[in-house]
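Below are the chains, spelled out letter by letter.
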Amino acid sequence: MPPSLPVRLRARLSRATPPREEFVARHVAGRSFADVGCMWEVHGGIAFAAEAAGAGEVSGMDLMGETPEYQAEYQRRGSKLRFVQGDLHDELALARLGVHDVVWCSGVLYHAPHPLLTLERLRSVTGQTLLLATETLPERPLARNVCVFAPKPGSHPTHTEPFDPARGYVNWYWGITPSALRTMLAATGFTVTEEHRTPFHTTVVARKN
Ligand SMILES: C[S@@+](CC[C@H](N)C(=O)[O-])C[C@H]1O[C@@H](n2cnc3c(N)ncnc32)[C@H](O)[C@@H]1O
């Protein structure tokens, strides 16, 4: 059965633009690449796409361990991808990941309780360019740089579960507006050089200053 209209509408409103594999492929040829948060439902797919697009050393990091889908694809491709399991806020785990020219981090920032710290940690492993994709909330009238703490389910089309501190990173800690995202990136030492928005999703190219 095809997905219902509300499901299709939600997917459309929060869809990433442009398609992620193509977007990443544009930035990686001849450069080292890491996907931070590479596993849940994507099974290393973006990192494999970067490898296929000619990236040099390719790594993935996630709190989750390798999924069977990841392992099967790794074998099928004869991939050289290096996977590091760990928390991106843990400096020892980041040291194991190491610095990469291009870092892709998608679907992580709003799950982090301290997003400025998260951006600082991402900066520490970014050699040149951070490609950051995140769910965002629409701008608020007459106010810039708005972030909503523990946004209610329904405030974003794909956000359905109430805030529960016991569930850690599963929570949506923050509903971030695109202007706040830009300002946070500036505050943590990045310059945004490209931005793509759909109503509830933002993707940026951010150069490390
Ligand atoms: C919402 S999923 C996004 C998956 C994929 N990047 C995407 O955009 O479709 C968030 C992913 O980041 C991982 N993650 C969340 N917080 C993390 C952290 N602090 N350190 C490392 N990985 C984290 C989760 O385990 C999960 O695989």
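What counts, and at which threshold
Residues numbered from 1 in each chain as written. Predicted model: local features only at pLDDT ≥ 70, side-chain atom pairs only at ≥ 80, totals over all residues. Helix = DSSP H or I, 4+ residues; strand = E, 2+ residues; numbered from the N terminus. Rg over C-alpha atoms; globule rule 2.2 N^0.38 Å. Contact = placed C-beta atoms within 7 Å. Pairing = 2+ DSSP bridges. Core = buried A, V, L, I, M, F, W, Y, C linked by C-beta atoms within 7 Å. Buried ≥ 20, exposed ≤ 12 C-beta atoms within 10 Å, placed from the backbone. Near = placed C-beta within 6 Å. Nonpolar A, V, L, I, M, F, W, Y, C, P; charged D, E, K, R; others polar. Axes fitted to C-alpha atoms, helices over the stretch in contact; angles between N-to-C directions. Right-handed = clockwise from strand over helix to strand, strands pointing away. Parallel < 35°, antiparallel > 145°, perpendicular 65-115°, else oblique. Left-handed = near helix turned anticlockwise from the far one by under 90°.

S.K.: Explanation requested: the overall build of the protein in the structure shown.
M.R.: Looking only at helices and strands, the protein has seven helices and nine strands in total. For 209 residues, the compact-globule formula gives about 17 Å, and the C-alpha radius of gyration of the protein, at 17 Å, lands near that figure. Across its three principal axes, the protein shows a C-alpha extent of roughly 50 × 50 × 35 Å. Contacts in the protein between residues at least 24 apart in sequence constitute 70% of all its contacts with a sequence separation of at least 6.

S.K.: I keep staring at the pairing of strand β9 (residues 201-208) and nothing clicks. Help me out?
M.R.: On any regular strand, side chains alternate: one points to one face of the sheet, the next to the other face. Relative to β9, strand β5 (residues 126-135) runs antiparallel, the two being bridged by seven bridges. Bridging from a neighbouring strand, T134 pairs with T202 of β9. Of the strand pairs in this sheet, strand β8 (residues 190-198) and β9 are connected by eight bridges, and their pairing is antiparallel. From the neighbouring strand, F190 faces β9, where its bridge partner is K208. Joining the antiparallel neighbours β8 and β9 is a turn of two residues.

S.K.: Honestly, the nonpolar core in this entry has me stumped. Any pointers?
M.R.: Generally speaking, nonpolar side chains in soluble globular proteins are found buried as a group. Counting 50 residues, the largest nonpolar core has V36, A50 and V103 as its most contacted members. Residue contributions to this core peak at five residues, all from helix α3 (residues 45-52).

S.K.: Mind showing me how you'd approach α3 here?
M.R.: Since the α-helix turns once every 3.6 residues, residues separated by three or four places project in the same direction. All of the buried residues along α3 are I46, A47, F48, A49 and A50. Looking at the packing, one finds that the buried side of α3 touches α2 (20-28), β1 (33-36), β2 (58-62), α4 (68-77) and β4 (100-106).

S.K.: For this particular structure, what's the right way to read the site of the ligand?
M.R.: Around the ligand lies a shell of 17 residues, among which G37, W40, L88, S106 and G107 are the nearest. Classifying every residue of the shell around the ligand by side-chain character gives nine nonpolar, five polar and three charged.

S.K.: Quick question: what am I supposed to make of the sheet that holds β2 here?
M.R.: Two orientations exist for strands paired in a sheet by backbone hydrogen bonds: parallel and antiparallel. Taken in spatial order, the seven strands line up as β3-β2-β1-β4-β5-β9-β8 in an open sheet, and their pairing is mixed. Where the open sheet ends on each side, the last strands, each with one partner, are β3 (82-85) and β8. Across the sheet, the axes of successive neighbouring strands diverge by a mean angle of 15°, strand direction being ignored. Sheet analysis places β4 next to β5, joined by six bridges and oriented parallel. Bridged to V103 within β5 is L130.

S.K.: What am I meant to see in the environment of P162 here?
M.R.: Its place among the elements puts P162 in the loop between β6 (147-149) and β7 (174-176). Judged by the 11 C-beta atoms lying within 10 Å of it, P162 falls in the exposed class. Counting along the chain gives eleven residues from P162 to P151, while the straight-line C-alpha distance between them is 8.4 Å.

S.K.: Explanation requested: the pairing of β2 in the structure shown.
M.R.: Counting buried positions over the five residues of β2 gives five, a clear majority of the element. Residues V58, G60 and D62 point to one face of β2 and S59 and M61 to the other, with burial holding for every one of them. Direction of pairing for β1 relative to β2: parallel, over a ladder of four bridges. The residue of β2 that forms the bridge with V36 is M61. After leaving β1, the chain enters α3 and then returns to the sheet as β2, a path that is right-handed. Bridging between β2 and β3 involves four bridges; their strand directions are parallel.

S.K.: Teacher, can you tell me more about the packing of helix α6 (residues 115-124) against helix α7 (residues 178-187) here?
M.R.: Two quantities define a packed helix pair, namely the angle between the helix axes and the distance between the axes. In contact at an axis separation of 9 Å, α6 and α7 are set at 50° when each is read in the N-to-C sense. Taken together, the axes of α6 and α7 lie oblique to each other. Of the two elements, α6 crosses α7, and the hand of that crossing is right-handed. Mapping the contact onto sequence places P115, L116 and L119 in α6 and M184, L185 and A187 in α7. A breakdown of the residues in the contact of α6 with α7 according to their chemical character gives six nonpolar, no polar and no charged.

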